[in-house]
Structures are given as C-alpha cells and as structure tokens.
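Residue-level structural notes
One letter stands for each residue in the lines below.
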Amino acid sequence: MSKRILEIHDLKRKFTMGSETVRALKGITFNVEAGEFVTIMGSSGSGKTTLLNILGCLDKPSIGTYQLDGVDIKALSRNDLAMLRNHKIGFVFQAYNLLPRTSALENVELPLLYNKDISSAERRERAIKALEAVRLAERLDHTPSQLSGGQQQRVAIARALVNEPVMILADEATGNLDSRTSYEIMALMQDLNQNQGKTIVFVTHEPDIASFSSRTIMLRDGIIQKDTMNENRKSAREVLDNLPHTDDY
Amino acid sequence: MNITNLIRIAFRALLRNKLRAFLTMLGIIIGVGAVITMVAIGQGSKESIQSQLSSMGSNMITVLPASNVNGGVRIAGSSFQTLTSKDITLLKRNVEDINSLSPSVTSRGQAINGALNWPTQIQGVSPDYMDIRKLTLKDGISFTNADVLTSAKVCLIGQTVIDNIFPNGENPIGKIIRFNRIPFQIIGILNPKGQNAFGQDQDDIIIAPYTTVQKRILATIYYQNIYASATNESVTDAAVNEITETLRESHRLRDNEDNDFQVRTQAELINTLSSTSGLLTTLLTVIAGISLVIGGIGIMNIMYVSVTERTKEIGLRMSIGARGIDILLQFLIEAIIISIIGGIIGVLLGITAARIVTLTLNWPTIISETSIVVSFIVCGITGIFFGYYPAQKASRLDPIEALRYE
C-alpha cells in the first residue's frame, strides 16, 4: 500500500533581516510516497537547507502547505511540532551530533526518553534492535570517542530509526566521511530503504552520492529545477566491492 | 513528558561531567557546612553556659563593686572598692529572703609544696560559699566561722593543684603548703568539677577563709564580690531589692546618687550570656548564609556557561522531539540536583566539622535539626531560583540556530 508521506504545495519561505528580505524558497511543489529514496540536491544558496528545516518541522513556511503523513503542520504549535519530530521524523546530521561521553546505547535511546509512552525496558530493547540493524550490536557501550566516523554515523542512524519514524531526513550525512565510509553509509541507507521499506529524504550537493537514490530533486535559487527518477541507480554495495584495496600510500 | 525521564536525563547530563558538577556545588557545600557548624557551636556554647549557670542554682545572687560591668564579666583589680564587712553585717541583719551569704576575695600566686610549685588562684570566702556554689568535699572537712574569726591558715584544695604539687598520690590532708609566703594547712579536698562554660579549669583553685586572704595575702579590707543565695526562686527578685536598699543605706548613698555596686541574679546572667551568644550565633549564621548565596550565584554562573556550551546539544534534543518545557525542566532539575546534593554533602560536612571541633578544641557543639531543615529548604530554593533563568534561556533557543552553533 502506497501512502503519501510528504505532500508539499507551493511552499514559499522568506526571511526578513532588518530592511533586507531574502526569499529562500519561491514556490516548491512535490510529493514523496512511502518507500521512496529521494535526494534533494543543490549548491549553497539554493534553498535546500531552508527546505530541509521545513521538512524536519523545525521551521514553518511563510506561504504554502506541508503535510507530513497526512498532518498539515501549519496549524501546529511549537510543542506539537516537537512531538511530530519525535514520532515521525528521524534526523541524521552531517556532524552526527551524538552526546559525548555517552554510550552508543544511551545515545540511541535518547529520542525514546522524550516519548512518554515507552517504558524503560522497551526503550532498551528498541535501542538494541536499532543498533543491531546498523550492525553495531557489539559496541553498545562505546562512547563516540571510541568509535570511528562511520560508526558514529551508524549510531546516529540507529537513533533516527528507534522511534519508528515515517521518514529519515538526512542532511549531508556523508559530508564528514571519507569515500569508502561514505559508500558504506549509503549501502546501509539503501539496505534500510530497499529491504526494510524506510522512506528516505537525503539532502546533499554531491552528485555521486545522489546516484544511489531512486529520485533526485534539483533545487536552484529557491525553485525546483529538475525532479527526475534516477535511471542509472547504482548499488552502493557494488561500488564498495569494486573499490581498489589499498592499504598504504 | 514524564518527570522520571526528565530526572533521568538531568542526572545523566550531570554524570557526564562530574568534576564540573562537583565544583559547582562546592559553594553550596561550604555554605551549608558553615551554617551547620556555626549554629552547632553557638547552640553548644549556649546550652553549656546555661546548664553550668543553672547548676549553680538559679537563686544565686552576685554583688559586684561597680556599675560599669560589661555583660557579667568581672573587671579585675581593686580599683572599685566599695564592699566591706559593714555591708555583710547589715545584709545579714536586714535581708530576710536570703539564707546564705559569703564575701569573696581572690588572688593569684604560687602554691608551693617543697620543691614543687604551681601557679594557681586562692579564693577567700565564708563557709556559706560551699552551699551557695554547691561545692562538695571529696575528703576532709570545710573551715568554720571560727576559722574566719581567727583568720585561720587553713584551706581546701582542688584536684588540679593536687595533681601538680602532690604528684605521687599521697593524701594531702593535714599537709602544709605555702601560698606565696603564707603557710596553709590542707583540711579538705574539693570534688572535681572540670571545665566551666568559659573554658576555665574549676579544679585549679585553693579555697580559704576570706579574712585570711584579706589580711595575709591581699592586705585589703574590701571584698571583690559578695555572693548570696535567695531562699527560693520566687523571692529572688525581692531579695535583690532588699540587698540593694541595704547596701545603699550602708554606703550612705543619697536618693539622686547611682548605686556604686551591682546586684546580679543568676537568671539575669543566664539571659545576658544567652543573648550575647545568641547574637554571635546569628551573626555567624548570617555570614554563612551569605556564603550560601554566593554558592547560588556560582550555580547560576555555571548553568549559564553550561547552556552556552551545550547549545548544539540543546538543538539536537529539540530536533529529536524535546519541547521547550522539556529543556527548561531538564536544566532546572540539574540545578536543583546540584543544590540538593550539595546540601546533603554540606550537612554531613557540617556535622563532621562540629564533631571535630568538640574533639579537638573541647568546645561543646549541639547539632540543630532546625538548621539542617532550613539549610535544605534554602538549598532547594537556591537551586530553583538560580537555575531558572539559565534554564529559561536554554528553552528559548531556536533549534535551527542551535544546531548550527559552533
């Protein structure tokens, strides 16, 4: 059954700073169905960060509608938006944003602590399952300083999954990682999308990362320039396997 | 969002940086500890003074020779010479509400036994003094009115003096010692009383007939004090009035002249000393309280710094679903936890310090439960008050900007 996860119609967002007005988004319209893996691409200044913030319910549009899983966010209060973020969205950031000096398990449990319906036993169970899904079950008690960049991002992804959101929202998730690790993360993303049916919206400016998704939306100067399905969708796992094995300089 | 989870979140946040949490609560710890210790010392001294003075009998009346006496402290020296034997005669005859009367003269000097000597004090009194001050004898007999009449060179000796000039455990009764140059025969040993409320050793004394001390040691006709004991507590005030009247007559004071003596009851003395020590305690407590406020300011400082430092963390928490109120409560609870735990440690520290003071300085201390309860309440309020503003600042951060914060 295909559900519409995102429904965006004529979204506009302007910022007024003193006498200057910046129109970051000038009328965005698109939909995302369940199970899609969409990349939103654009250079700096294209408005992709603003769009990301609105999609993540951290910001509201000036004009236009945004429906997340059937809920129009326009009418929602700050607290309602927070609850929506908790239940429906899983964030993955470029800088991982894990709590330092805190174990991976506790980091993954964090969104569940803000969900009053989950008991502490269930919280722990869900967190462990999420870490197993990203294949970090043996590193439950490691702190971020004891994990590599790729592993930290995987913990962040587990954290994004733990509340069973309708969509994963990734902001340059591979930006701080080297190529090999980037492909590992993208392989994980593809696995979550294809084998576990997660809807992923991935914001990036790198074309070769975008090639792993099923659909690419190009933003430029606040409007959608292109919205195309990817013809030559690559498999990250294959790319990984084909990377030359070099150990030293 | 349930409170248990928030408390859990707050605790974990504090545990992440234990050293900082500890340093933050140091101000509270010291402040509370200081309050508890100061109040304990104050209470202890007040209790001790009161019980000492009470044990002397609350019907005791003291006559002092001058009117500028500060809070019951005797001014030593013979510069105020107004009490004489004529006063005693008239008091005995005219005052009905007293049943014991004794003049008092004291002198410091050396007690000598052969090659051994010891600096001590000799107090000249009448036999009534033993009743007035509730002194008892461990051995021997007291001197009599006949001894007073003849200025007999007899004395009663306290344990500390015995320890120093009769170190070999022999019985001093019947032996002759010298005080300065005057030989005295020991006829009795006083029961030990230990230290008094002022830290003085009450067993470091020799007691002799007052006439002896007046004539042979001080060469004076004046008394330094007169002690009397009212028949019972209810007539003490009447007795004071009678004594005052009698002495005014005896000193031929005209109506417009002030008394050249002071009459103090034990009750007055207790009150004066209580109020002085009460004042001192209050003063010390205020100072300690100020340090508590400083501790609270320290908490506020650190919380503000903490909020700034954890801006990204706050942004993250908001992005995964924390509402403003969740963030506010988290930081507020952190401040409260710091205050309360600081309070607990401070109380334990205060109790320990008070015990140490008693053990090393021999000052009595009494831990006041009120001070503990009040300290906790103040800690709680401090945490809430000084933690609120930083917490509010944290809750008002914009998540987008917070996430971008470097």
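The text that follows walks through the structure, step by step, so that each part is easy to find. The structure presented is a predicted model; accordingly, all values stated were derived computationally and were not measured.

1. Description of the sheet that holds strand S10 (residues 223-229) of chain A
Residue and element names in this part refer to chain A. Taken together, 6 strands build an open sheet; the order of strands is S6-S7-S8-S3-S9-S10 and the sheet is mixed. Lying at the two open borders of the sheet, with one neighbouring strand each, are strand S6 (89-92) and S10. When strand polarity is set aside, the average angle formed by the axes of neighbouring strands in this sheet is 15 degrees. Note: strand S9 (residues 215-220) against S10, 6 bridges, orientation antiparallel. Note on S10: the bridge partner recorded for Leu219 is Ile224. Helix H5 (residues 149-161) contacts S6 and strand S7 (167-171) of the sheet and is inclined by roughly 170 degrees relative to S6.

2. Notes on the packing of helix H9 (residues 266-309) of chain B against helix H11 (residues 324-361) of chain B
Residues and elements named next belong to chain B. Two elements in contact, H9 and H11, have axes whose closest approach is 11 Å; the angle formed by their N-to-C orientations is 145 degrees. As H9 runs across H11, the sense of the crossing is right-handed. On H11, the residues that touch Ile299, Met303 and Val307 of H9 are Phe331, Ala335, Ile338 and Ser339.

3. Some words on the sheet that holds strand S4 (residues 63-68) of chain A
Residue and element names in this part refer to chain A. With respect to topology, 4 strands assemble into an open sheet ordered S2-S1-S4-S5, the strand pairing being antiparallel. Looking at strand neighbours, the two that pair on one side only are strand S2 (20-33) and strand S5 (71-72), the edges of this open sheet. Strand direction decides the pairing type here: S4 and S5, joined by 2 bridges, are antiparallel. Within S5, the position partnered with Leu68 by the bridge is Val71.

4. What about unusual backbone geometry?
Residue and element names in this part refer to chain B. Even without a glycine there, the phi angle at Ala219 is positive, about 50 degrees. Here Ala219 lies in the loop between helix H7 (210-218) and strand S9 (225-230). The backbone of Arg252 shows a phi angle near 50 degrees, a positive value even though the residue is not glycine. On the basis of neighbour counts, which here come to 7 C-beta atoms within 10 Å, the residue Arg252 falls in the exposed class.

5. Digging into the interface of chain B and chain A
Counting from both sides, the interface comprises 20 residues of chain B and, opposite them, 21 residues of chain A. Residue assignment for the side of chain B that touches chain A shows that the elements contributing at least two residues are helix H1 (3-15), helix H10 (311-319), H11 and helix H13 (399-404) of chain B. Counting residues per element, the side of chain B that touches chain A draws most heavily on H10 of chain B, at 5 residues.

6. With respect to the environment of Ile7 of chain B
Residue and element names in this part refer to chain B. For Ile7, the location among the structural elements is in helix H1. Assessed through the 16 C-beta atoms surrounding it within 10 Å, Ile7 is described here as partly exposed. In the structure, Ile7 is positioned 326 residues away from Ile333 in sequence and 6.7 Å away in space, judged by C-alpha atoms.

Rules of the game
- Residues numbered from 1 in each chain as written.
- Chains lettered and ligands numbered in written order.
- Predicted model: local features only at pLDDT ≥ 70, side-chain atom pairs only at ≥ 80, totals over all residues.
- Pairing = 2+ DSSP bridges.
- Helix = DSSP H or I, 4+ residues; strand = E, 2+ residues; numbered from the N terminus.
- Axes fitted to C-alpha atoms, helices over the stretch in contact; angles between N-to-C directions.
- Contact = placed C-beta atoms within 7 Å.
- Left-handed = near helix turned anticlockwise from the far one by under 90°.
- Buried ≥ 20, exposed ≤ 12 C-beta atoms within 10 Å, placed from the backbone.

Remember, this is a structural readout, not a statement about activity or role.
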